[in-house]
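# Structural overview
Spelled out from the first residue to the last, the chains are:
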Amino acid sequence: MLKTWGAAAGRALRHPAAPVTYALIAACCAVFLLSPLSGFNPAYGTGDRLIAAQQAYFERWGVVPVELLSGKPRSALTPLTALFVHGSWLHLLGNMLFLYVFGVMVEERMGHLQYGLFAVGCGCLALFAYAVAHAGSAQTLVGASGAISAVLGAFLYLFPRARVTSLFPFLFFLPLRFPAWVVLPFWVALQWIAAGQRQQGPGVAYLAHLVGFSLGFVYSWGRYGWAARVKGQDPATEGDSQP
């Protein structure tokens, strides 16, 4: 797995005015902590009772493709609610780290309102696209990965030469610095390869990643045009897992 230090965390510390990014992170964390998934809420009990509560929580707030496409009113809003639900601490922290690393600079470029609508809209569309591609599936889909992938796509278009420090397992995790136009397309290639492999049981929704990334890149291209791209190099920053 490729791990990256995005080019935005140091920039985020110097320019902390990214209220939408921070609000999304806070909302996802609050939802997780209050849910039965964190294990911190005693109202959900323990043991089998807790497991049952977790399963019911996923089914209530996550995207279930077969139910969403059946037109059930209860499922209509799940592409939105699923963005704020995460299945584990690792899932949550990995996504939030990537959102923080790459989201601040994209929000600064787009503006707060446009960025918020962009991230949430692309995230919902990515989940819906996954549901269409797996129309007969009863497996629940949750997480903000589609929205964060859209942010990565926008970042690649808007800041193609920003420096990103990456760790490659096949190179003994040596920290190597490359521009975003090298690292992020490599990440997309990994998602593409993984999406083409047959998966059994729960796993990562790689297709949602690809759709989100494509939406983010195409939106930025259409909205800002060639002249809006930043050609300068930015300092590398922190992050440690892919969405």
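Our structure is the block above this text.
So, here is what we can say about the structure in this document.

Scoring rules and cut-offs
- Numbers given for residues are sequential positions, taken from 1 along each chain in its written order.
- Totals for whole chains, interfaces and linings use all residues, but because this is a predicted model, local features are given only for residues with pLDDT of at least 70 and pairs of side-chain atoms are given and counted only at 80 or more.
- As a convention, hydrogens and water are excluded, and side-chain values are obtained from all of the structure's heavy atoms.
- Counting from the N terminus, the helices are DSSP H or I runs at least four residues long and the strands are E runs at least two residues long.
- Accessibility here uses a 1.4 Å probe with only protein chains present; expressed as a share of the type maximum, an area under 20% marks a residue as buried, one over 50% as exposed, and anything in between as partly exposed.
- Here the Shrake-Rupley method, with its probe set to 1.4 Å, supplies the accessible areas, and only the displayed protein chains count as covering residues.
- Angular values range over 0 to 180 degrees, each being the angle between N-to-C directions of two axes fitted as lines to C-alpha atoms, with helices fitted over their stretch in contact.
- The cut-offs work like this: below 35 degrees is roughly parallel, past 145 is roughly antiparallel, 65 to 115 is roughly perpendicular, and the gaps in between are oblique.
- When the near helix sits turned anticlockwise from the far one by under a right angle, the crossing is termed left-handed; a clockwise turn instead gives a right-handed crossing.
- Only heavy atoms enter the contact rule, under which two residues are in contact if any of them lie within 4.5 Å.
- Note that Gly is not counted as nonpolar here; it falls among the polar residues with everything else outside the nonpolar set of Ala, Val, Leu, Ile, Met, Phe, Trp, Tyr, Cys and Pro and the charged set of Asp, Glu, Lys and Arg.
- In this text, buried Ala, Val, Leu, Ile, Met, Phe, Trp, Tyr and Cys residues form a nonpolar core when linked through side-chain atoms within 4.5 Å.
- Helix span, expected: 1.5 Å multiplied by one less than the number of residues in the helix.
- Read the arc as the range of directions from the helix axis to the C-beta atoms.
- Side-chain rings of Phe, Tyr and Trp (the six-membered ring for Trp) are treated as a pair once their centres are within 6.5 Å; stacked means planes under 30 degrees apart, edge-to-face means over 60, and tilted covers the remaining angles.
- Charge over a ring is defined by NZ of Lys or CZ of Arg lying within 6 Å of the ring centre and within 35 degrees of the ring normal.

## A word on the overall build of the protein
- Along the protein, the regular secondary structure elements total 10 helices and 3 strands.
- Here the protein holds 243 residues, and 47% of them are scored as buried.
- Carbon and sulfur atoms make up 68% of the accessible area of the protein, which totals about 11,700 Å².

## Details of the packing of helix H6 (residues 89-110) against helix H8 (residues 145-158)
- Between H6 and H8, the least distance of the axes is 9 Å, while the angle of their chain directions is 40°. For the element pair H6 / H8, the angle class is oblique. The chirality of how H6 crosses H8 is left-handed. Across from His91, Asn95, Met96, Phe98, Leu99, Phe102, Gly103, Met105, Val106, Arg109 and Met110 in H6, the residues of H8 making contact are Ser145, Ile148, Val151, Leu152, Ala154, Phe155 and Leu158.
- Partitioned by chemical class, the residues of the contact of H6 with H8 number 13 nonpolar, 4 polar and 1 charged.

## A look at the nonpolar core
- Leu99, Val106, Tyr115, Phe118 and Phe155 are the most contacted members of the largest nonpolar core, which has 42 residues in total.
- Looking at this core, the elements that each hand over two or more residues are helix H2 (19-34), helix H3 (47-61), H6, helix H7 (112-133), H8, helix H9 (180-195) and helix H10 (206-224).
- By size, the runner-up hydrophobic cluster in this structure holds 13 residues, among which are Val63, Ala126, Ala131 and Leu141.

## Details of H2
- In a regular helix each residue adds 1.5 Å, so 16 residues correspond to 22 Å; H2 covers 22 Å between its end C-alpha atoms and thus fits that length.
- Within H2, the full set of buried residues consists of Val20, Thr21, Leu24, Ile25, Cys28 and Phe32. One side of H2 holds all its buried residues, which, seen down the axis, span an arc of 140°.
- Close packing links the buried residues of H2 with H6 and H7.

## A look at the packing of aromatic side chains
- Applying the stated criterion to the full structure yields 8 aromatic pairs.
- Ring centres of Phe98 and Phe102 lie 5.6 Å apart, and the angle between their planes is 40°; on these two criteria the pair is classed as tilted. A residue pair is termed a helical-turn pair when its members lie 3 or 4 positions apart in one helix, as Phe98 and Phe102 do in helix H6 at 4 residues. The burial state of Phe98 is the same as that of Phe102; both residues are buried.
- Clustering of aromatic rings is evident, with ring pairs tying together Phe98, Phe102, Phe155 and Phe159.
- Across from the ring centre of Tyr224, 4.9 Å away, lies the NZ or CZ of Arg223, which sits over that ring.

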